[in-house]
Amino acid sequence: MASESFEKPTVFQSEDPEKVLDLKDPLAAAGFEDPDAGKSAEERAEIDRKLLWQLDMRLVPWLSLLYLVSFLDRTNIGNAKIVGLQKDLNMTSAQYNATLTIFFVSYSVFEPLTNVLLKKLRPSIFIPCIMMAWGICMICMGFVKNYHGLMAVRWFLGLSEAGLFPGVGYFLSCWYKRSEFGVRMAIFFSAAALAGSFGGLLAAAIAKMHGVGGMKGWAWIFILEGLLTVIIGVASFWCVYDFPDQARFLSEIDRKRVLRRLAMDQQSSAEHEEFKMDYFWSSLKDWKTYTGAMIYMGADGSLYAFSLFVPTIISQLVSYSSIRAQLLSVPPYAAAAVMTVTVGFIADRTRQRGLCNMSVSILGIVGFSMLLGCESAGARYAGTFLGAMGIYPAIANTISWTSNNTEGVYKRGVSLGFIIGWGNLNGIVSSNIYRDADKPKFYPGHSVVLGYLVLFQFGGSVLQYILLRRENSKRRRGSETSGSKAWTRARSSCWVTRDRISFTHCEQRNNRMGRKGERSHIEI
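How each quantity is defined
Residues numbered from 1 in each chain as written. Predicted model: local features only at pLDDT ≥ 70, side-chain atom pairs only at ≥ 80, totals over all residues. Heavy atoms only, no water. Helix = DSSP H or I, 4+ residues; strand = E, 2+ residues; numbered from the N terminus. Contact = heavy atoms within 4.5 Å. Areas by Shrake-Rupley, 256 points an atom, 1.4 Å probe, with all protein chains shown as cover. Buried < 20%, exposed > 50% of the residue type's maximum accessible area, 1.4 Å probe, protein only. Polar contact = N/O pair within 3.5 Å; in protein donor to acceptor, adjacent residues only side chain to side chain. Axes fitted to C-alpha atoms, helices over the stretch in contact; angles between N-to-C directions. Parallel < 35°, antiparallel > 145°, perpendicular 65-115°, else oblique. Nonpolar A, V, L, I, M, F, W, Y, C, P; charged D, E, K, R; others polar. Phe/Tyr/Trp six-rings, centres within 6.5 Å; stacked < 30°, edge-to-face > 60°. Lys NZ or Arg CZ within 6 Å of the ring centre and 35° of its normal. Expected span 1.5 Å × (residues − 1). Core = buried A, V, L, I, M, F, W, Y, C linked by side-chain atoms within 4.5 Å. Salt bridge = Lys/Arg side-chain N within 4 Å of Asp/Glu carboxyl O. pLDDT = per-residue confidence, 0-100.

1. Focus on the overall build of the protein
Each helix and strand counted, the protein has 21 helices and two strands in total. For the protein, long-range pairs separated by at least 24 residues make up 79% of all intrachain contacts whose partners lie at least 6 apart in sequence. Accessible surface, the protein: about 19700 Å² in total, of which carbon and sulfur atoms supply 63%.

Listed below in structure tokens is the structure:
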């Protein structure tokens, strides 16, 4: 959307309570220069469309590729298992599950710290470095000889991958308006579903290298995919960019346009912030951090159980061969990728992310109910489709919902780190619920995933939706009962729609109400 012009002088309260300012363009007064002053609305709209397309082409495809590689590397152990990993390393079922668990311990513990490091070290340095680190870990996994070696490498894999998903979610939220962020995040996260789909095909092909160079087929899966990660990590030094005020692919005038459009959307991403511990404590005191963590817990626990074990689940439907099970895991992931992008698009247009979460969770609940209750292989295979379509869209939509309701670049980064870190801790549970002793029905595993989906629906999404509606009602009542004439005039420029909110005016109003950084509306 093009930047709004202010046709009439707008009155708002200055820092001096006795002084009222009349300004043609309050954003310019706040330091957000309008480089397109004097242009018509049609010209502004065309400039904005071209700018948004430029951002999309530079940011989204490469970052999506990085996440595809990341998810491929953390879940390909499930593909390796059904081509002999567990047997060749003489691991029990409990030991195999422990190698899955150790990844999530280091991954979750270090996630809350990574967004601060991303901001301090710059994305163009931080992201390529962690990619190269986990690529080396992947290569090392191909050379392990026993359970203990695999455990050590999986620990370092979790440590090095910890910064990517929360970092990219935070990074994209600093580039796009709230009405644009959801579908971009959905496209980014759809790479996880594509990784599952692509991973099955790739693993089926690589496994045929069994015996080449005296290496097992599962070892080649780790080595070749690790080499690919290292190569992409090196290329990322040139293909990953920094935050809007430093991005080298933008001209000076386009940087001003990006910062101004963020300011028009009332985002503090447009401002220069220095880290303070106040942001950390503010995140911990915000109830949305805890409801967001509950939602993400239900979504992420389901996600990791599904992605780590779907080849195993499918292989047990009618005792499929390992290669056929790999190939049959492709269609459910492809359906999940399409559903993820569709839900992201709908959520951006309707601004009803809570209702979108509740809707997709019903698909997941039905899918895992089918896995639990149906006897025929066809019906249970259909359940994997519904399960995937109910789980994957929920992740991206929850991240967008959290980001859009958390103001301030550092507070947003800390909140996302905590929420995603807490969600990923549930990978520890997910790694241990599908046991060989429960073949072929896997009733305990399916029941736990179903419980996670119910928690996601009622313990998180429904609860946060109700609380956000109450919060918006309170803010509306607060605006209606204000006795300040200047405050009322300022308010009129803020409460137009959730898409069009004057950054400067709302900041003035919120400062006077003692709620610095809050928006007049929050997304439900």
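Past the structure itself, the notes keep going.
2. Some details on the side chain of Asp242
Within the element layout of this structure, Asp242 appears in the loop between α9 (217–239) and α10 (252–264). According to the relative accessible area criterion, Asp242 is buried, its value standing at 5%. For Asp242, the side chain forms a polar contact with the side chain of Arg122, separated by 3.2 Å. Residues contacting Asp242, with those up to four places away along its chain left out, are Arg122, Pro123, Ser124, Phe171, Trp175 and Ala247.

3. Topic: the packing of helix α4 (residues 93–121) against helix α5 (residues 123–141)
At a minimum axis separation of 6 Å, α4 and α5 run at an interaxial angle of 125°. Comparing the axis directions of α4 and α5 gives the class oblique. Residue-level inspection shows Thr114, Leu117, Leu118 and Leu121 of α4 in contact with α5, the latter providing Pro123, Ile125, Phe126 and Ile127. Taken together, the residues that form the contact of α4 with α5 break down as seven nonpolar, one polar and no charged.

4. Looking at the packing of aromatic side chains
This structure, assessed with the given rule, holds 23 aromatic pairs. Arranged with centres 6.1 Å apart and planes meeting at 65°, the rings of Trp218 and Phe222 form a pair that is edge-to-face. Here the residue Trp218 and the residue Phe222 both occupy positions in helix α9, the gap between them amounting to four residues, near one helical turn. Residues Trp218 and Phe222 agree in their burial class; the two are buried. Centroid distance Tyr434 to Phe442: 5.5 Å. Interplanar angle 70°. Geometry classified as edge-to-face. Taking relative accessible area as the criterion, Phe442 reaches 3% and is therefore assigned buried. Over the aromatic face of Trp287 sits the side chain of Lys288, whose NZ or CZ is 5.5 Å from the ring centroid.

5. Section: helix α14 (residues 330–350)
The terminal C-alpha atoms of α14, which comprises 21 residues, lie 31 Å apart, in line with the 30 Å expected from a rise of 1.5 Å per residue. Listed in full, the buried residues belonging to α14 are Val330, Pro332, Tyr333, Ala335, Ala336, Ala337, Thr340, Val343, Gly344, Ala347 and Asp348. In the segment just after α14, Arg351 is the residue with positive phi, at about 60°.

6. Thoughts on the nonpolar core
Membership of the largest hydrophobic core comes to 126 residues, with the highest contact counts inside it found for Leu85, Phe165, Trp175 and Tyr392. Looking at this core, the element that brings in the most residues is helix α2 (residues 41–81), giving 14 residues. When sequence neighbours within four positions are dropped, the list of residues in contact with Phe165 reads Tyr67, Tyr107, Met185, Phe188, Phe189, Tyr296, Ile395, Ile399 and Ile420.

7. Regarding the side chain of Ser236
On the secondary structure map, Ser236 appears in helix α9. A distance of 2.8 Å separates a polar side-chain atom of Ser236 from the backbone oxygen of Ile232. Leave out the neighbours within four places in its chain, and Ser236 touches Trp62, Leu66, Pro128 and Met131.

8. Focus on the environment of Gln464
Mapped onto the elements of the fold, Gln464 is located in helix α19 (residues 443–480). Residue classification places Gln464 among the buried positions, given a relative accessible area of 3%. Spatially, the C-alpha atoms of Gln464 and Thr291 are 6.0 Å apart, while their sequence positions differ by 173 residues. Within the structure, Gln464 has its side chain in polar contact with the backbone nitrogen of Gly292 (distance 3.5 Å).

9. Concerning the pattern of salt bridges
Once their charged atoms are close, side chains differing in charge can pair, the charge on each being opposite to the other. Under the criterion given, the structure shown has 13 salt bridges. In this structure, Asp242 and Arg122 form a salt bridge, with 3.2 Å as the shortest nitrogen-oxygen distance. On the criterion of sequence distance, the pair formed by Asp242 in the loop between α9 and α10 and Arg122 in the loop between α4 and α5 is long-range, its members being 120 residues apart. Residue Arg255 is joined to Glu252 by a salt bridge in which the shortest nitrogen-to-oxygen separation is 3.0 Å. Here Arg255 pairs with Glu252, and both are found in helix α10, just three residues apart, close to one helical turn. A single network of salt bridges, built from pairs that share partners, joins Asp48, Glu180 and Arg261.

10. Concerning the environment of Gly383
Residue position: Gly383 is located in helix α16 (residues 377–404). Along the chain, Gly383 and Leu371 lie 12 residues apart, while their C-alpha atoms are 5.6 Å from each other. Sequence-distant contacts of Gly383, that is, excluding residues within four places in its chain, are made with Gly367, Met370 and Leu371.

11. So, the confidence of the model for the protein
Here the protein averages 80 in pLDDT, and 82% of its residues register 70 or above. Across residues 1–23 the pLDDT falls below 50, and counting only partners more than four positions away or on other chains, this stretch makes 54 contacts in the model. Throughout residues 482–518 the model reports pLDDT below 50, and contacts reaching past four residues in sequence, or to other chains, amount to 89 contacts.

12. Considering the environment of Lys439
Here Lys439 shows up in the loop between α18 (427–430) and α19. Judged by its relative accessible area of 39%, Lys439 falls in the partly exposed class. Between the C-alpha atom of Lys439 and that of Gln316, which follows or precedes it by 123 residues, the distance is 7.2 Å.

13. As for unusual backbone geometry
With an omega of -5°, the peptide bond running from Lys439 to Pro440 counts as cis. Looking at the secondary structure, you find Pro440 in the loop between α18 and α19. The backbone of Asn90 shows a phi angle near 55°, a positive value even though the residue is not glycine. Note that Asn90 resides in the loop between α3 (85–88) and α4. Residue classification places Asn90 among the exposed residues on the basis of a relative accessible area of 66%. In the Ramachandran plot, Arg351 falls in the positive-phi region, its phi being about 60° despite a non-glycine side chain. On the accessibility criterion, Arg351 (4% relative accessible area) is buried.

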